[in-house]
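Chain by chain, the residues run as shown.
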Amino acid sequence: MPVLTMVEAIRQALEQEMERDERVMILGEDVGRLGGVFRATDGLQRRFGEARVLDTPLAEAVIAGASVGLAMSGMVPVPEMQFLGFTHQAFHQIADQIARYRFRSQGRFSMQITIRAPFGGGVRTPEMHSDALEAQFIQSPGLKVVMPASAYDAKGLLLEAIRDPDPVLFCEPLRGYRLVKDEVPEGDYTVPFGKAKIVREGSDVTLVAWSAAVQLCLRTAERAAEEGISCRVLDLRTLVPLDVEALAQCAEDTGRVVVVHEAPYTGGFGAEVIATIQEEAFYSLEAPVARVAAPDTPYPIAGVEEWYIPNEERVLKALRRTVGTTGA
Amino acid sequence: MTSTTIFEGGADADAYRVLDANGVLLEGASAPLSSEQLLEAFRWMLLSRTLDERAVSLQRQGRIGTYSAVYGQEASVVGSALALDPSRDWIFPQYRELPALLRHGMPLSTLILYYVGNPLGARPPDGVRLAPIQISLAAQLPHAVGLALGLKMQGDDGVVMTFCGDGASSEGDFHEALNLAGVVKAPVIFVLQNNGYAISTPRSKQSAAPSFAARAAGYGLPGVVVDGNDLLAVYEVARDAVQRARAGEGATLIESQTYRLYPHNTADDQSRYVSPEELEVRRGEDPIPRVRNHLEGLGVLDAAGEAAMQRSIDEEISTAIADAEAHAPANVTQVFEHVYANPWSRVTRQRDEFVRDAEGL
């Protein structure tokens, strides 16, 4: 099976879906002639034309907002937000319009829209580019939030997203675009939403993560094993829908859980994970569920970001504390 | 210090007009609508005015929620909408264009159901080319451009009309939408109803531009200023814009200069920001008598004819209110329906619990 980088897998999914379904179109800043600033849409305009791979003015709200009308016309838009950090410029169109258009029209209009947006730290981007804003979109009922961690999942989840009649925010870990490589089938396949995946087996503690933090957890689990800590790693894959059963099962199986994310600590999706675990599996817990997250400070500029985003040392520290805690 | 009283709203001296203040065709002008079409338009205007009066009364009785009247803007709304072909063209409304929605195919009883508070009232029937009423100002403009672009891409000859106000034109979405419409030559008509006020904020504090239509040049679009209380003039500029859009020549911005003779909505107190003198002047520019005079001048309407028209309108509205109020009451499942095409497990679980709790009461 071919090994692809994550950005290659995303590009392949887009190309194959545009080939399969002529309603599918891409719009956004620099997506056409340039092929996207990360080349996720490289060559697609040459292949499918300027109308179906539309270079838009630099205006996030109308990229999202025009997608509403395009979906109503029968197209299947896949708008690209150049960076998730820029979605605040379009937040009202995504959260108030796209997410609830089906509800507001009582089912008359479907918003079959997949908003792609790279995010995440570690590549020394300018300010406002790296922010992990996923939790800010969770409170927008109607919208699904998808966060792949592998090339395989990126392709399968993206095909699932584009075909889903509900709108999807599809967050891509930009540091993983070329760093993450794995086997990706050439043909058509989808990965269902709401099915978390155990990406490493372990018995002492479960590390819960999504997107780029999954790779961090896998690396840390290797080091923890050297200290005799056996870590399971659960990749949530999608935050909405959330795989409540998998979270409960992992908490029951290992009795200890650490959740890791790049977003700030307070109100991050980790809080939802912990709340869900205490609702579903409180009596299985041997220790308080720990959080490893960014501090409650703004995403900084490049010179200090290495201290800002979670790293192996901080995850290890949380693991040692969690495993060292004995139940009452 | 002395100051000249500036009355807000109303049409500029050089706004496009076909009728004079008394409803007589201006010299050299010709009527763009037949007598039959004019009578249809007049009926929509009268229906709109009557609906406003009934709706305000219903709101005062607690039978419907907050309501925003069209009062004073009937020529602006009806004249624009008449230029559309409901079988192929689309409307993206804001919330002060009710006769346009009705003329496009929205049933009156459904519209009233929306104001009663039942979510089902928000759904335009299948086949009616109408977006839901928009509350978040100017958010509908990007949608309209997107739909127009989608129609163009698919070789559909429909055009899209969207409405906003002078206040909404200060939103970023207005700028982004007109800019994209210019770039992609979207077949869309932006009808900006400048009614003098955004709730209490007067036009003079909304923009320093000489006119809202003047902004069109910045987007590479034609901009037209029309007397929004002149039904024939509004229809004519809208018709021309529709023809341009259908011919592939792109978007138009129409600034329809009118006046809101009624408060912003049933929760507003107009007397806090409009002087009695200004209101008196603007009442003298009411678009309804202007069309009535024109029709009487043509000899196609008299007092008896209008009384008969009014009776049929009263009956139509009463029937629609009765239908809306006879509708099955809203229920707890409507909190959950149509949020997702495929709801996820937690939402389904919440629905089941809410339904059980509601039944237990």
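Residues numbered from 1 in each chain as written. Chains lettered and ligands numbered in written order. Predicted model: local features only at pLDDT ≥ 70, side-chain atom pairs only at ≥ 80, totals over all residues. Heavy atoms only, no water.

## A word on the overall build of chain A
Part 1 of the reasoning: Across its full length, chain A holds 13 helices and 14 strands.
Part 2 of the reasoning: Taking 20 Å as the expected radius of gyration for a compact globule of 328 residues, we find that chain A reaches 20 Å, a close match to that expectation.
Part 3 of the reasoning: Considering only C-alpha atoms, chain A reaches an extent of 60 × 40 × 40 Å along its principal axes.
Part 4 of the reasoning: Taken over 328 residues, chain A has a buried fraction of 63%.
Part 5 of the reasoning: Of the roughly 12,100 Å² of accessible surface on chain A, a fraction of 49% belongs to carbon and sulfur atoms.
Part 6 of the reasoning: Averaging the positions of the 33 positive and the 46 negative side-chain charges in chain A gives two centres separated by 2 Å. (Helix = DSSP H or I, 4+ residues; strand = E, 2+ residues; numbered from the N terminus. Rg over C-alpha atoms; globule rule 2.2 N^0.38 Å. Buried < 20%, exposed > 50% of the residue type's maximum accessible area, 1.4 Å probe, protein only. Areas by Shrake-Rupley, 256 points an atom, 1.4 Å probe, with all protein chains shown as cover. Lys, Arg positive; Asp, Glu negative; His and termini not counted. Charge placed at Lys NZ, Arg CZ, Asp CG, Glu CD.)

## Topic: the pattern of salt bridges
Part 1 of the reasoning: Following the criterion strictly, the structure yields 42 salt bridges over all chains and no others.
Part 2 of the reasoning: Three or more residues joined by partner-sharing salt bridges are found here, namely Arg11(A), Glu15(A), Glu19(A) and Arg47(A). (Salt bridge = Lys/Arg side-chain N within 4 Å of Asp/Glu carboxyl O.)

## Quick word on the side chain of Gln106(A)
Part 1 of the reasoning: Within the secondary structure layout, Gln106(A) lies in the loop between α5 (101–104) and β5 (114–119).
Part 2 of the reasoning: The exposure class assigned to Gln106(A) is buried, which follows from its relative accessible area of 2%.
Part 3 of the reasoning: When near neighbours in sequence (up to four residues on either side) are disregarded, Gln106(A) contacts Pro119(B), Leu120(B), Arg123(B) and His338(B). (Contact = heavy atoms within 4.5 Å.)

## As for the packing of aromatic side chains
Part 1 of the reasoning: Using the criterion set out here, one finds 16 aromatic pairs over all chains in the structure.
Part 2 of the reasoning: Judged by centre distance (5.3 Å) and plane angle (80°), the ring pair of Tyr114(B) and Tyr115(B) falls under edge-to-face.
Part 3 of the reasoning: Taking relative accessible area as the criterion, Tyr115(B) reaches 10% and is therefore assigned buried.
Part 4 of the reasoning: Taking 5.3 Å as the distance between ring centres and 50° as the angle between the ring planes, the aromatic pair formed by Tyr197(B) and Tyr273(B) counts as tilted. Remark: Tyr273(B) occurs in the loop between β7 (252–257) and α9 (276–283) and Tyr197(B) occurs in strand β4 (residues 197–198); sequence separation between them is 76 residues.
Part 5 of the reasoning: By relative accessible area, which is 5% here, Tyr197(B) ends up buried.
Part 6 of the reasoning: Among the aromatic residues, those joined into a ring-pair cluster are Phe38(A), Phe83(A), Phe86(A) and Tyr177(A).
Part 7 of the reasoning: Over the ring of Tyr265(A) we find Arg291(A); its NZ or CZ atom is 4.0 Å from the centre of that ring.
Part 8 of the reasoning: Lying over the aromatic face of Phe212(B), Arg203(B) brings its terminal NZ or CZ to 4.5 Å of the ring centre. (Phe/Tyr/Trp six-rings, centres within 6.5 Å; stacked < 30°, edge-to-face > 60°. Lys NZ or Arg CZ within 6 Å of the ring centre and 35° of its normal.)

## Comments concerning the pairing of strand β2 (residues 24–28) of chain A
All names here are of chain A.
Part 1 of the reasoning: Burial within β2 is extensive, with 5 of its 5 residues counted as buried.
Part 2 of the reasoning: Covered by surrounding structure in β2 are Val 24, Ile 26 and Gly 28 together with Met 25 and Leu 27, the residues of both alternating faces.
Part 3 of the reasoning: Of the strand pairs in this sheet, β2 and strand β4 (residues 76–80) are connected by 5 bridges, and their pairing is parallel. Bridged to Val 24 within β4 is Val 76.
Part 4 of the reasoning: Relative to strand β3 (residues 53–55), β2 is paired through 3 bridges, and the arrangement is parallel. Residue pairing across strands places Leu 27 opposite Leu 54, the latter belonging to β3. (Pairing = 2+ DSSP bridges.)

## Quick look at the domain arrangement of chain A
Residues and elements named next belong to chain A.
Part 1 of the reasoning: Taken domain by domain, chain A holds domain 1 (3–183) and domain 2 (197–324).
Part 2 of the reasoning: Distance between the C-alpha centres of domain 1 and domain 2: 26 Å.
Part 3 of the reasoning: With 25 residues of domain 1 in contact, the opposing surface of domain 2 contributes 22 residues.
Part 4 of the reasoning: Between domain 1 and domain 2, roughly 2,000 Å² of surface is buried when both sides are summed, and carbon and sulfur atoms account for 58% of that area.
Part 5 of the reasoning: Scanning the region where domain 1 abuts domain 2 turns up 2 salt bridges.
Part 6 of the reasoning: Linking domain 1 to domain 2 there are 11 residue pairs in polar contact (both at pLDDT 80 or more).
Part 7 of the reasoning: Looking at the side of domain 1 that touches domain 2, the elements with two or more residues in it are α6 (134–138), β6 (144–146) and α7 (151–163).
Part 8 of the reasoning: Of the residues contributing to the side of domain 1 that touches domain 2, the split by class is 14 nonpolar, 4 polar and 7 charged. (Domains from an automatic or database assignment. Buried area = accessible area lost by both parts, 1.4 Å probe. Polar contact = N/O pair within 3.5 Å; in protein donor to acceptor, adjacent residues only side chain to side chain. Nonpolar A, V, L, I, M, F, W, Y, C, P; charged D, E, K, R; others polar.)

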